[in-house]
Amino acid sequence: MITTLFLLFFFDVHGVVSDPSGRPVEGAQIACGGETKTTDARGSFDFPRVCDAIITKPGFAEKRSALADSGDNSVKLDLATASDRVVVTATGAPVAVEESGVATDVFTTKDFEPARGVFVQNLLRDVPGLSVVQTGRNGAITSVFARGGESDAALVLLDGVPLTEPGGGLDFVHLTSAGLQRMEVIRGPESVLFGAEASSAVIQMFTERGDPEASRPHGSAAYERGSFSTDHWTGGLNGGFANRLDYAFTADQFRTTGQFPNDAFRITSGTANIGFRFSDATQLRAVYRTFDSYTGAPGQVAYGLINFDANEKARDAAVSVRLDDRRGTRFSQRGQFGYHRYRDRFSDEVSESYNIAALVRTVPGVHPRVYFVRQVPPSTTVPDPGTTIAAYSFPLDAFPGLTVTDRTSANYQGTVTHRGGALVFGYDFERQAGIISATDVERHNNGGYVHEQYALTSRIFLTGGARLEHSSTFGNKFAPRAAVTFRLPTETYLRVSAGRGIKEPALIENFAHETFFVGNPRLKPEKTDSFEAGLFREWLGRRLRTEVSYFRNRFTDRIEFDFSNFPGTWRNIDQSWARGVELSGTARLMRFASVHAAYTKLYTRITSTTSLDQLGLELLRRPRNSGSISLELAPRRWTLFAGGRFVGERQDNDFVFGVNRNPAYNAVFAGGSFRATRNVELHVRVDNALDERYQEVLGYTALGRNAAGGIKLTW
């Protein structure tokens, strides 16, 4: 007995677990032989004997380490970049979501499976704080409003290259999930790192990469057939060569005849990602993604206003070349060149006129609320009790148009890793160009930034930085951001942050020169001043994860069109605010069952405008209440899911009958997949399963109940 105690005393094994920045990792699981221990707040652990240990913690890559019997064992964990608990976009360097100081949602490979749907917007609908609005069915213009911001205030990136048009506009309907490996959604202003378009949110998509050590190519092919003559096929091939080259290629096409006349939609896209490793420290990567689409535009079919010939043809291409280089263990750098071009032609040759009428119900008040009741024949003279007749002679004038924009970017970023954190600094250059009023126009942006993430103690994490942006049109603007995160007991994280986002004008707002309207080269960028507080916690042995965020955004220098002079122009004349609460949670009910839920309570107000009838109103198409819930079962080879989304009543404008309130709606979905063999998977999906009739935008009927099923082959 005395001998045993003597050996235990002298051969006790001590160790410390830290992250890549040298910060201690609390709550890491150390499996040593048949015994498992958890690191304390200092990242420390001890065992009575030597062994080969396995160290794990959510958000980090699993580590195997031989524990020695003398001195302290220092174990450094690497971040698991494929994890949904690690984010890159928020700080410019990989960091655990809980310590990033921002509200973040991360989607990984499993979220892009065919059973989940073809389009990225399906995933964004379940992100708290985001309002996704589609003006119709498949192919119709789709916008995203983040935390009360405008639809052009969320920057979208593909492997670091902006996909939004200069000024922030983007039709999200063109974002298909084929070829994507990961997506990060940052809610809140991120102009510090990304400049004059990230004033409300950043959505960054990462394309699939191959494995340089996989000398044998791997691939997949999938096909599905669905309602309204819908077809979707996709194919991919990836692999590597000589432990240096990796590649991944994807192509897909979605097409449908649609639910109404002139409602067809087709989009064909392709992605290529090729990387070359000169050494373990230096790598070169090139990414190319393109799409070509055709969309019929029948218009406000809910009112019987069908445009039989209008259509839109769009073509888009984005390319990037990036060099990553690491100098020693403390310094890494990257340089990237990017180019994005978007061309959109709207064709409409035939003018038509409609005489229509409807019954509307008006709720009196300072701002009367007008609701659509039902359509009636134009000859109707006696309305139902409590309603009035709104008649309109509606001309569908031919209104063709052409949009061509391109963006050339070059940037450099350096990262200095130090004990307790990392310092990120960089420089961005952009040339933004397009054809406006039949004239080639361009402007230039230069931006420099610095951003620091630092662990003040093992329980206090600081992040923050500043950016100076110079534009050839709006001059110099300063954008700061700062956050502090407190790690409280029981895996609870409290964050508080404040920052400023800026959003530059669209090219047409600067350079238009038409008979009835002209651009304004003196426009200032719109500003978003934001405050946020959030609380994240894991419960019941990490089986339950919850997060609550409160935010308040103040929007100033908002750009609106001013009709007071002729010709009209755009001015910085509006102000508004948005505040709200976001709730989200994920619960693992049992080994193969989980539930995810999200809810947003949003208040918005217009506080300054030249249109006095708009003063004090809510912002358009931002519902006060919205949320989603879904249940997933994954026993053995099956994956089954079902859920619903709720969008509350909201302010809108139909520009026909004077209706300004859009009723609430629910959309129920279900689906599943079955892995028949190692290489064969079957799937099915049903959207709007209850066949609810609703309009995300007044007058534009949403797609009715629709189903699709298919097969996926892998090798």
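Data block above holds the structure.
This is a predicted model, so every value here is computed, not measured.

### Observations concerning the nonpolar core
Inference 1: Formed by 24 residues in total, the largest nonpolar core has its most connected members in Leu124, Val156, Phe172, Leu175, Met183, Val185 and Met205.
Inference 2: The set of elements that each furnish at least two residues to this core consists of helix H2 (121-124), strand E11 (130-134), strand E12 (142-146), strand E13 (154-158), strand E15 (180-187) and strand E16 (201-207).
Inference 3: In this structure, Val301, Ile356, Ala358 and Leu396 belong to the second largest nonpolar core, which totals 16 residues.

### Observations concerning the environment of Thr39
Inference 1: Relative to the elements of secondary structure, Thr39 occurs in the loop between strand E3 (35-38) and strand E4 (44-47).
Inference 2: Along the primary structure Thr39 and Glu618 are separated by 579 residues, whereas in three dimensions their C-alpha atoms are 50 Å apart.
Inference 3: Among residues more than four places away in sequence, those in contact with Thr39 are Val17, Val25, Glu26, Gly27, Ala28, Ile30, Ser44 and Phe45.
Inference 4: Within the structure, Thr39 has its side chain in polar contact with the backbone nitrogen of Ala28 (distance 2.9 Å).

### A short note on the sheet that holds strand E24 (residues 352-363)
Pairing between the strands of a sheet comes from backbone hydrogen bonds, and it takes one of two forms, parallel or antiparallel.
Inference 1: If you trace the three strands from one edge of the open sheet to the other, you get E25-E24-E26, paired in antiparallel fashion. Of all the strands in the sheet, the pair left with one neighbour each is strand E25 (369-376) and strand E26 (388-396). For this sheet the average axis-to-axis angle between neighbouring strands, irrespective of direction, equals 40°.
Inference 2: As paired elements, E24 and E25 share seven bridges and run antiparallel to each other. Counted as the bridge partner of Arg361 is Tyr371 from E25.

### Quick notes on empty space enclosed by the protein
Inference 1: Counted by the stated rule, this structure contains seven cavities of 30 Å³ or more.
Inference 2: Taken as a whole, the second largest cavity spans an internal volume of roughly 90 Å³.
Inference 3: Forming the boundary of the second largest cavity are 15 residues, of which Gly149, Glu150, Glu526, Thr528 and Phe555 lie nearest the centre.
Inference 4: Put simply, the parts of the chain that give the lining of the second largest cavity at least two residues each are strand E33 (526-539) and strand E34 (544-562).
Inference 5: The element contributing the most residues to the lining of the second largest cavity is E33, with three residues.
Inference 6: Of the residues belonging to the lining of the second largest cavity, the class tally is three nonpolar, six polar and six charged.

### Here's the deal with the packing of aromatic side chains
Inference 1: Under the defined criterion, the tally for this structure stands at 17 aromatic pairs.
Inference 2: Look at Tyr303 and Phe372: their rings are 5.3 Å apart centre to centre, the planes differ by 35°, and that puts the pair in the tilted class. Within this pair, whereas Tyr303 is found in the loop between strand E21 (282-296) and strand E22 (311-327), its partner Phe372 is found in strand E25, the two being separated by 69 residues in sequence.
Inference 3: Residue classification places Tyr303 among the buried residues on the basis of a relative accessible area of 2%.
Inference 4: Its relative accessible area of 27% is what places Phe372 among the partly exposed residues.
Inference 5: Geometrically, the ring pair formed by Phe517 and Trp570 is edge-to-face, given 5.9 Å between the ring centres and 85° between the ring planes. Of this pair, Phe517 sits in the loop between helix H4 (507-511) and E33 while Trp570 sits in strand E35 (residues 569-590), and the two are 53 residues apart along the sequence.
Inference 6: The exposure class assigned to Phe517 is partly exposed, which follows from its relative accessible area of 27%.
Inference 7: Three or more aromatic residues joined by ring pairs form one cluster here, namely Phe517, Phe561, Phe563 and Trp570.
Inference 8: We note Arg116 situated over the ring of Phe641; from NZ or CZ to the ring centre the distance is 4.5 Å.

### A word on the side chain of Glu526
Inference 1: Looking at the element boundaries, Glu526 is found in strand E33.
Inference 2: There is no salt bridge for the buried Glu526, and the closest opposite charge comes from Lys503, which lies 4.2 Å off by N-O distance.
Inference 3: Within the structure, the side chain of Glu526 is placed 2.7 Å from the backbone nitrogen of Ile559, a separation counted as a polar contact.
Inference 4: Setting aside anything within four residues of it in sequence, one finds Glu526 in contact with Gly501, Ile502, Lys503, Thr556, Asp557, Arg558 and Ile559.

### Quick word on the pattern of salt bridges
Inference 1: Under the definition given, this model contains 49 salt bridges.
Inference 2: Glu532 is the salt-bridge partner of Arg147, the closest N and O atoms lying 3.1 Å from each other. Of this pair, Arg147 sits in the loop between E12 and E13 while Glu532 sits in strand E33; the two residues are 385 residues apart in sequence, bridging distant segments of the chain. As far as the burial class goes, Arg147 and Glu532 line up, both buried.
Inference 3: A salt bridge links Glu681 to Arg675; the shortest N-O distance between them is 3.2 Å.

What counts and how
In this numbering scheme, every chain counts its residues from 1 along its sequence in written order. Local features in a predicted model are, by the rule used here, given only for residues with pLDDT of at least 70; side-chain atom pairs are given and counted only at 80 or more, and totals for whole chains, interfaces and linings are based on all residues. Water and hydrogen atoms play no part in the side-chain values, which are based on all heavy atoms of the structure. Only buried Ala, Val, Leu, Ile, Met, Phe, Trp, Tyr and Cys residues count toward a nonpolar core, and they belong to the same one when joined by side-chain atoms within 4.5 Å. Whether a residue is buried, partly exposed or exposed follows from its accessible area with a 1.4 Å probe, protein chains only, as a fraction of its type maximum: under 20%, in between, or over 50%, in that order. What counts as a helix is a DSSP run of H or I of at least four residues, what counts as a strand is a run of E of at least two, and both are numbered from the N terminus. Contact definition: two residues touch when any of their heavy atoms are within 4.5 Å. Nitrogen and oxygen atoms within 3.5 Å of one another constitute a polar contact, given that in protein one can donate a hydrogen and the other can accept it, and given that sequence-neighbouring residues count only through two side-chain atoms. At least two DSSP bridges between two strands are needed for those strands to be called paired. Inter-axis angles, ranging from 0 to 180 degrees, are taken between N-to-C directions of lines fitted to C-alpha atoms, where helices are fitted over the stretch in contact. Method remark: on a 1 Å grid restricted to protein atoms, a set of points is classed as a cavity if a 1.4 Å probe fits but cannot get out and as a pocket if it is open with protein on both sides within 12 Å along at least five of seven lines; lining residues have an atom within 4 Å of a point. Grid points are joined across faces, edges and corners, and a volume is the space filled by probe spheres set on the points. All amino acids are sorted into three groups, where Ala, Val, Leu, Ile, Met, Phe, Trp, Tyr, Cys and Pro are nonpolar, Asp, Glu, Lys and Arg are charged, and the leftover types, Gly among them, are polar. To pair, rings of Phe, Tyr and Trp, with the six-membered ring standing in for Trp, must have centres within 6.5 Å; the planes then decide the type, stacked if under 30 degrees apart, edge-to-face if over 60, and tilted in the middle. Here, a charge over a ring means that NZ of Lys or CZ of Arg falls within 6 Å of the ring centre while also lying within 35 degrees of the ring normal. As used throughout, the charge tally considers Lys and Arg to be positive and Asp and Glu to be negative, leaving His and the chain termini uncounted. We define a salt bridge as a side-chain nitrogen of Lys or Arg found within 4 Å of a carboxyl oxygen belonging to Asp or Glu.

Taken by themselves, the reported measurements are silent on function.
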